[in-house]
Amino acid sequence: MADYDYDLFVIGAGSGGVRAARLAAVSGARVAVAEEHRVGGTCVIRGCIPKKFMVYASEFSQHFKTARGYGWSVGETSFDWQKFITAKDIEIARLSGIYVSNLENAGAELIHGRAVLEDPHTVRLLADDRTVTAGAILIATGGWPTLPTDVPGVEHAITSNEAFHLPELPKRILVVGGGYIAVEFAGIFNGLGVETTLLYRGPNILRGFDAAVSRHLADELERRGMTVILGCRHTSLEKTDQRLVSHLTSGHSVENDVVMFATGRAPNTKGLGLEAAGVELGAEGAVVVDEFSRTSVPNIWAVGDVTNRINLTPVAIREAASFVETAFRNNPQAFDHDTVASAVFSQPPIGAVGLTEAEARRRGGAVDIYRSVFRPMKGTFYGSDERTLMKLVVDHGSGQVLGCHVVGPDAPEIIQMAAIAVKLGVTKAQWDQTCAVHPTAAEELVTMREPYVADGL
């Protein structure tokens, strides 16, 4: 690749782009990375990491209730939004700086500014209007939140991007959407003392998750004081006297200080010059790739949310590592997108891996369901009525555990270990050979012996 300025040019310095650039650079490749925003991408700057800090902050309201139940005298409490935002921004800046240092230490060149393709090997850097060439180009520009185009007044709403930088904490907020971003932010604001309403047009939240999980979480959100409105959407959004009035298809109108739409994210491909380079795009502008993350143009690749496969940071990182093995180490690798675990940091949180009950039944064959709903030991002590749900989906014939779904405290931590067993194809009999760790909530997963039979079945 000596005829080019770089062996690899990466557009986008998020988790996937940075991982690919570092691994390629330490392998001896000449690498450049262009980023028009801050280094770190969605996860570090405006996604997973700052959102998790917000979840931590919001959980203290529940912790104070628990402390009182255990005999602690908790005095007057208050939350300082500005103090939190300042501390959050300082930590995010520190983490972004680590990403920059890691790139530099690996020998990759970081270019601050927007990069656009002119042809399969040429990239124009808009900041100083110059072009560079590369033997291989990796698109790792992630996704971007979208707003509906059929709601008059939607320009008065915010997305998750702006939620991280609100000038003040609202007294009332309407969160629109039923996906994980919507339920996470609804839980955050509710925990911080904001009067919170979650509005979703579908019959239940968290489409794509197990139906029992969706129903259970909706009940628990309302148990924590949130209002959940299903089967309803906006007809318009009106701004009056510094407040926002949502006019709904139900005929009702609700007034809030802030309306946040979390109704979807689209691959961030607009204006990148992909069409000019001959790169095929699919639904919503997603870059079409094969199993090795190669696009329709042999020397152009793409990883992460921009491909709209599984939009999770760890997936982007693994796709990036596989790309480097394939393109720079003569060791073709394709990341296995099957049985990838996920977590929703709702309140209570969710951990899930494998098939839902509906997915398993659609595949054909008999399915056994093991299910437990119980009050966690920590809460029973002081009379909490919150419930934990644990569910296993098992193939009746082979006994293989096809799916594991948990809603309750520490669910994301629990599912990481359960995912190993599900990924390896463990059977229910093998699963049950594991001795319980007592007293824990997780022991329920290995003590469910009889298949669950729903009422009326």
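Parameters at a glance
Residues numbered from 1 in each chain as written. Predicted model: local features only at pLDDT ≥ 70, side-chain atom pairs only at ≥ 80, totals over all residues. Heavy atoms only, no water. Helix = DSSP H or I, 4+ residues; strand = E, 2+ residues; numbered from the N terminus. Buried < 20%, exposed > 50% of the residue type's maximum accessible area, 1.4 Å probe, protein only. Phe/Tyr/Trp six-rings, centres within 6.5 Å; stacked < 30°, edge-to-face > 60°. Lys NZ or Arg CZ within 6 Å of the ring centre and 35° of its normal. Pairing = 2+ DSSP bridges. Right-handed = clockwise from strand over helix to strand, strands pointing away.

Comments concerning the environment of Gly-71
Right, so step 1: Note that Gly-71 resides in the loop between helix H3 (48–69) and helix H4 (81–106).
Right, so step 2: Accessibility expressed as a relative area gives 61% for Gly-71, which makes it exposed.
Right, so step 3: In this structure, the C-alpha to C-alpha distance between Gly-71 and Pro-170, residues 99 residues apart in sequence, is 32 Å.

Quick word on the packing of aromatic side chains
Right, so step 1: Scanning all chains against the criterion turns up 11 aromatic pairs.
Right, so step 2: Here Phe-79 and Phe-84 contribute two aromatic rings whose centre-to-centre distance is 6.0 Å and whose plane-to-plane angle is 45 degrees, an arrangement assigned as tilted.
Right, so step 3: In this structure Phe-84 comes out as buried when scored by relative accessible area, which is 15%.
Right, so step 4: Ring plane angle 40 degrees and centroid distance 6.3 Å describe the contact between Trp-81 and Phe-84, whose orientation is recorded as tilted. Within this pair, Trp-81 and its partner Phe-84 are both found in helix H4, separated by 3 residues, close to a single helical turn.
Right, so step 5: When its relative accessible area of 4% is taken as the criterion, Trp-81 is described as buried.
Right, so step 6: Ring pairing ties together the aromatic residues Tyr-70, Phe-381 and Tyr-382, which thus form one cluster.
Right, so step 7: The ring of Tyr-370 carries the charged tip of Lys-428 above its face, separated from the ring centre by 4.2 Å.

Re the pairing of strand S1 (residues 6–11)
On a regular strand, one side chain projects to one face of the sheet and the next to the other, so that they alternate.
Right, so step 1: The buried fraction of S1 is high, at 6 of 6 residues.
Right, so step 2: Both S1 and strand S6 (residues 130–139) contribute to a ladder of 5 bridges, which runs parallel. Across the sheet, Tyr-6 pairs through a bridge with Ala-134, a residue of S6.
Right, so step 3: Sheet analysis places S1 next to strand S2 (residues 31–35), joined by 4 bridges and oriented parallel. Bridge assignment links Ile-11 to a residue of S2, and that residue is Ala-34.
Right, so step 4: Handedness of the S1-helix H1 (residues 15–26)-S2 crossover: right-handed.

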